[in-house]
Amino acid sequence: MAFQFKTLARRMALAGTVAAVALGALASTASAKDYLLTGSHSGKLFLFDPAKRTLVREISLPGGTPLGVQPSSDGKIVYVMNDKLGALNGVELDTGKPVFHASLSDGDVRGKGFVGLALSRDDKELYAVVYRTRLHKTEYEVLQPEIQVFSVADGLNAKPVRTFPVARQTAQIHFSTDGSKLYAIGANVDILDPKTGAKQDSFPLRDGNRPNLSAPDMLAIWSQHSQTNVWTAPIFSARTDLPQTDPAAFQTGIMQLDLASGQMRMDEFENTSHVIFSSTLNPANRDEVYTVYTQLSKVNIRDKTLVKRVELDHTYYAINISADGKEVYVGGTMDDIAVYDTATLSKIGSMSLPDGSDMAASWMQIVKRD
Amino acid sequence: MKRTVSVTASWMVGAALLAGASASASAAGAAETSGVKMIEENCGSCHTPDSSGKFPRISDIRKSPEGWDMSVSRMQRWHGVTVSAEARAAIVKYLSDTQGLAPSESEPFRYALEQQPGAMENLPDPEMVQMCGRCHSTARPGLQRRDAAEWKRLINTHVGQWPTLEFQLLSRDRDWWTIATTTTTDTLAKMWGFKSKAWDSWKGHKTPDLKGTWAVAGHQPGKGDYSGTMTVSGGAGDRFDVRYDLSYADGSVLKADGASVVYTGYEWRGTVTLNGVENREVMTLSADGKTLSGRWFGSVNDELGADVTAVKTDGKPTLIAAQPMALKAGERAMVSLVGDSLKGAVSFGPGVTVIDSESKPWGLSVVVEVAARAAEGPREVSVGGASLSKGAVVYDAVDRVTVEPPMMIARVGDGGGPLPRHYAQFEAIGYLNGKDGKPGTADDIRLGALPASWSHDNFDEAAKELEDAKFAGSIDSKTGLFTPGEAGPNPLRAYKTNNVGNLKVVAQVDNGQGKPLSAESHLIVTVQRWVDGWIR
């Protein structure tokens, strides 16, 4: 019971913060700066000024809890996958006004998304991986998943302008920086033509053949790589040449997909000892990757070594980083975002969701705004 | 109390209502007509009967009563079907009777129907473990019968309803969809196909007349043996009213009224309120209609309950239990002999003298004196023409103890959350080593539950570091009941983690001669079960 009272007291204190925030407008400065954007189980988006450790905006979403959260490159519009993963919604970040809606279902075909959500580099088209099931009168028929492409200009009643089939188990999708390629992360990484869906190439994961290593098990849930345009994800592999009792029998690594160069690589850096959910490359030092779950870890991925690991006060799913690489932000899971110094991995600040709701698996993005 | 399967929470009540409403419809034919009519009216707009009268999908499946009820519940939750409690009960009854499972088909999976705590499965096929067993008990598919095409439709239902399934651990490392719709469906159809000889010969079996008095014996972990009578009345529509008059070995008395429905001619499902707590009964009726056996357990806390055996007192001498089973050499004991028509000479074999005997509604209460030098070992107990092989055991000293269940799960709950906590009840079971004098061999002799002193501790170093024993709950030192902690993140713990824990539970027992014996069980205290059903 004691901690319920504590929670209540904290929520009351935070309610004061919300009131203060509601009075202030989003700070407008001369140059683009970083804001931190995430969603929560209360069906809201929260925008923080991480430098000031303050909440600057809170938006109620149509469709409830978001999983994928994707801001436009100008930071004006935010698109989310929500409505029990059955719809895409877009809102203006300044006003909270709904500007885009698309159901993923059509007639007797029920469509559900998951973590496959990406905005074209020109901000004009929204791509979603959709898992489809035809609901017959007395049975379900599972259909081929597809990528549905929406024109954001179609507004609140958008229908796909194009669709193309995609491999089963495709999780995430990411655009190359020049917009000419769409990387579909699944059993393997398929490189698709975003206009036609035609497969141009494939980077093998399950179908790969790395010496003495099993296919990697990759946790590809979070898409929050805008600071570097290098998508990273934790990978876990088994050594095929060692008995399971060997300390080195299971390896933890990082997958990197450089969306500018198209280079993909996987580097194991330690014997598996801790769970990792998400990771981020340091824009100021691309040898460094930071990973998070119940520990925050700093990895030198060029040397393939763990540099430092610190215990966190609770589990965090999501991670992002400041443009200068000096601060990492760990969020997701519960209702607070912690700020850590990348040099020392010491905690230097925190921000809380005023309504006390959980961020759960919501993506935590950097939004650049003037 | 809000249970996860909220729509299913009242099915037995519904069944009772229906049975009451149809009490005048005595002919089985009328029940069948009513069942078909209910399906037509409630399900027919989608499951439109074909020219042969078959309902698409429905007619191609056989299931347990629980399985059928879960299907109706899904139609309600997934597709917004409105079905009254009466109609739901009638549909489940009709389908269980006409497309149910034979006793031999459900027998391997009684543990799941009875919600036996700590039940462990020996899974038949490693691939099945990965494809199905990572979410379900084997009992879940094992209590269904379909052909390959119908199993494949079920796979489609799975992925259609839970598209993220293909991304889970043990899915994302393989082409799950292809395997599931080929190898897995073929395996399922081979193991649990729609047609069977067992069902062909059982189908149409009518519920015998169960009216009358039954002698009841059972054991409730944490509380002890109990015995008494069960008076059954009614019977129209296979619905029965039941009055229990039971007493425990500790002298406490339990009287209660209940109601039950018998499905498929042998599946007894009842509800009874015991000491203010609603309990469910899942019992199976022997083919001759003479014996009911199974378990009763809390409707909410299904981990708390008791095994039960009941025999109809129809004049055929039958002995079902001697309580207590273990008789200590050199001591006098009062023993309840439970059964039907227990008249005549009582024998426990050499060295055990019956010095008093009193007739009871459930059998005989006898006082025995066990000679100090009476031979250790199992004894056949007989009363007149009735006997029970290994019905009693004479012992001088307990050789060893085990804790049952050897591994158990408790779940955090309450604390302002929507789900209650789930407890863990342990018992210390004594054994004799048997003729070979070695523990853990086939000739060991079970003595039953013994009084114990209970404690719990961290299971390993990791648990110690996170102080699991401090946070995960507490055990009653006398009863062996473990109460897990409250649900929700605990700010007092490292990582603010839930009150989960990895524990060992320790029992200390006196061997009967002042020597302490101890044994351990492994207890995992984990998070709530958010998705639940009659068959897990």
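Predicted model only: the values in this text are computed from it and were never measured.

Draft legend 1. Broad picture of the interface of chain B and chain A. The partner chain A presents 29 residues to the 34 residues of chain B that form the contact. Carbon and sulfur atoms make up 56% of the area that chain B and chain A hide from each other, which totals about 2,700 Å². Of all residues in chain B, B:Phe167, B:Arg172 and B:Tyr495 bury the most surface against chain A, accounting for 25% of the area lost on that side. The shortest N-O distance in the salt bridge between A:Asp217 and B:Arg172 comes to 2.4 Å. Counting across the interface, chain B meets chain A through 16 residue pairs in polar contact (both at pLDDT 80 or more). Listing elements by their share of the side of chain B that touches chain A, those giving two or more residues are helix H3 (65–79), helix H9 (148–161) and helix H10 (176–191) of chain B.

Draft legend 2. Structural detail: the domain arrangement of chain B. Residues and elements named next belong to chain B. Entries for chain B in the domain assignment read domain 1 (6–201), domain 2 (212–300), domain 3 (318–395) and domain 4 (400–526). Taking the mean C-alpha position of each, domain 2 and domain 3 sit 24 Å from one another. Contacts between the two partners involve 10 residues from domain 2 and, on the opposite side, 11 residues from domain 3. Summing both partners gives a buried area of about 720 Å² for domain 2 against domain 3, and 60% of it is carried by carbon and sulfur.

Draft legend 3. Quick peek at a negative patch on the surface. Taken together, the side chains of A:Glu311, B:Asp460, B:Glu461 and B:Glu465 present a region of like negative charge at the surface. Along the chain, the position of B:Glu465 falls in helix H12 (residues 461–465). Judged by its relative accessible area of 70%, B:Glu465 is exposed.

Draft legend 4. A look at the nonpolar core. With 78 residues, the main nonpolar core has A:Leu45, A:Leu88, A:Leu126, A:Ile147, A:Met218 and A:Met255 as its most contacted residues. Per-element accounting of this core gives the leading share, six residues, to strand S10 (residues 125–135) of chain A. Every residue in contact with A:Leu45, bar those within four places of it in the chain, is listed here: A:Leu37, A:Thr38, A:Gly39, A:Arg57, A:Glu58, A:Ile59, A:Leu61, A:Pro66, A:Val69, A:Val78, A:Val80 and A:Val91. Core analysis: the second largest hydrophobic core is formed by 54 residues, B:Leu101, B:Trp176, B:Phe240 and B:Tyr248 among them.

Draft legend 5. Up close: the sheet that holds strand S27 (residues 327–331) of chain A. Residues and elements named next belong to chain A. Strand order in the open sheet formed by four strands is S26-S27-S28-S29, with antiparallel pairing between adjacent strands. A strand with exactly one partner marks an edge of an open sheet, and here the two such strands are strand S26 (318–321) and strand S29 (347–352). The sheet shows a mean angle of 20° between the axes of neighbouring strands, taken without regard to direction. Pairing of strand S28 (residues 336–341) with S29, which is carried by five bridges, proceeds in the antiparallel orientation. Along S29, the bridge assignment pairs Tyr340 with Lys347.

Draft legend 6. Structural detail: the packing of helix H7 (residues 126–133) of chain B against H10(B). Residues and elements named next belong to chain B. Interhelical geometry of H7 versus H10 gives an angle of 115° and a closest axis separation of 11 Å. The two elements H7 and H10 cross, and the hand of that crossing is left-handed. Seen from H7, the contacting residues are Glu127, Met128, Met131 and Cys132; seen from H10, they are Trp176, Ile179, Ala180, Thr183, Thr184, Thr187, Leu188 and Met191. For the contact of H7 with H10, the per-class residue count stands at eight nonpolar, three polar and one charged.

Basis of the calculations
Residues numbered from 1 in each chain as written. Chains lettered and ligands numbered in written order. Predicted model: local features only at pLDDT ≥ 70, side-chain atom pairs only at ≥ 80, totals over all residues. Heavy atoms only, no water. Contact = heavy atoms within 4.5 Å. Buried area = accessible area lost by both parts, 1.4 Å probe. Salt bridge = Lys/Arg side-chain N within 4 Å of Asp/Glu carboxyl O. Polar contact = N/O pair within 3.5 Å; in protein donor to acceptor, adjacent residues only side chain to side chain. Helix = DSSP H or I, 4+ residues; strand = E, 2+ residues; numbered from the N terminus. Domains from an automatic or database assignment. Patch = residues over 30% accessible without salt bridge, like charges linked within 9 Å, V, L, I, M, F, W, Y side chains within 5 Å. Areas by Shrake-Rupley, 256 points an atom, 1.4 Å probe, with all protein chains shown as cover. Lys, Arg positive; Asp, Glu negative; His and termini not counted. Charge placed at Lys NZ, Arg CZ, Asp CG, Glu CD. Buried < 20%, exposed > 50% of the residue type's maximum accessible area, 1.4 Å probe, protein only. Core = buried A, V, L, I, M, F, W, Y, C linked by side-chain atoms within 4.5 Å. Pairing = 2+ DSSP bridges. Axes fitted to C-alpha atoms, helices over the stretch in contact; angles between N-to-C directions. Left-handed = near helix turned anticlockwise from the far one by under 90°. Nonpolar A, V, L, I, M, F, W, Y, C, P; charged D, E, K, R; others polar.

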